[in-house]
Amino acid sequence: MSSGLSLILCIVAGVLLLVGFLGTFVPVLPGAPLAWAGLLAAHFSQYNSISYLCLIITAVIAVVVSIADNIFPVTMTKKAGGSKYATTGATLGLIVGFFTGPWGIILGPFFGALIGEFINKKGQTEGVLKAAFGAFSGFLLGTGLKMITVLGFIWVYVISFFR
C-alpha cells in the first residue's frame, strides 16, 4: 500500500474516532460503531498496528454498548414508574438541548422527560419528578458508558500509532 493511501486511512480513522466521540452525546450519531469504524480504518494503515483480535474484541464491545445504551433509559424509566413518554421526552430534550449549548445537553433530557411524563399523566404531578429522574439517570448511564468506550477506542488508536 502506498504511504499516501496509508496516511489518508490514518486520518480518516482519526476523524471517525472524533465523530464517534461526538456521537456519544449527539443522538443521531452512533458513537461506538463510528469509533470502531475508525479502528478498522486504522488497522489497514501502515501507521497503526491494531490486531485482528483487538478488532474483534472492540467490535463486540461496540455492539454491547450500543444495545445497552438503548436499554438503560427505558429500564431506568420503568423502574422509576415512568412511561414511554418520559423516555421519548428525554430524547427530544437532548436534541433541543444540543442546540442550546452544554447546559442544554445536560438538562434537556431531564426537562424533556419531566414534560413527557407530565403529558402522560394528563397534568397530574404525582410520580412525574421520579420518572424524570429515572429517565435522566438512564440517559446519563448510557452516555457515560458510550463515552468511556469511545475514549478507550481513541486510546487504542493513539497507542497503536506510537508502536
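Residues numbered from 1 in each chain as written. Predicted model: local features only at pLDDT ≥ 70, side-chain atom pairs only at ≥ 80, totals over all residues. Heavy atoms only, no water.

### A look at the pattern of salt bridges
No. 1: Taken as a whole, this structure holds 1 salt bridge when the rule is applied.
No. 2: For the salt bridge of Lys146 with Asp69, the shortest nitrogen-to-oxygen distance reads 3.2 Å. Residue Lys146 is located in helix α6 (residues 128–161), and its partner Asp69 is located in helix α3 (residues 52–79); the two are separated by 77 residues in the primary sequence. The residues Lys146 and Asp69 share a single accessibility class, namely buried. (Salt bridge = Lys/Arg side-chain N within 4 Å of Asp/Glu carboxyl O. Helix = DSSP H or I, 4+ residues; strand = E, 2+ residues; numbered from the N terminus. Buried < 20%, exposed > 50% of the residue type's maximum accessible area, 1.4 Å probe, protein only.)

### Quick look at α3
Residues spaced three or four apart along an α-helix face the same direction, because each turn holds 3.6 residues.
No. 1: In this model, α3 (28 residues) spans 40 Å end to end at C-alpha, consistent with the 40 Å of a helix rising 1.5 Å per residue.
No. 2: The sharpest bend along α3 measures roughly 30° and falls at Ile71, with the proline Pro73 sitting one to four residues further on.
No. 3: Along α3, the positions that sit buried rather than exposed are Leu55, Thr58, Ala62, Val65, Ala68, Asp69, Pro73 and Thr77.
No. 4: Taken together, the buried residues of α3 touch α2 (31–43), α4 (84–98) and α6.
No. 5: Phi turns positive one or two residues past the end of α3, at Gly81, with a value near 85°. (Expected span 1.5 Å × (residues − 1). Bend = angle between axes of the 7 residues up to and from the residue. Contact = heavy atoms within 4.5 Å.)

### Section: the packing of α3 against α6
No. 1: Here α3 crosses α6 at 170°, and the two axes come no closer than 7 Å. Our classification of the angle between α3 and α6 gives roughly antiparallel.
No. 2: Here the contact of α3 with α6 is built from residues that sort into 15 nonpolar, 8 polar and 2 charged. (Axes fitted to C-alpha atoms, helices over the stretch in contact; angles between N-to-C directions. Parallel < 35°, antiparallel > 145°, perpendicular 65-115°, else oblique. Nonpolar A, V, L, I, M, F, W, Y, C, P; charged D, E, K, R; others polar.)

Purely spatial values, then, with no claim about function.
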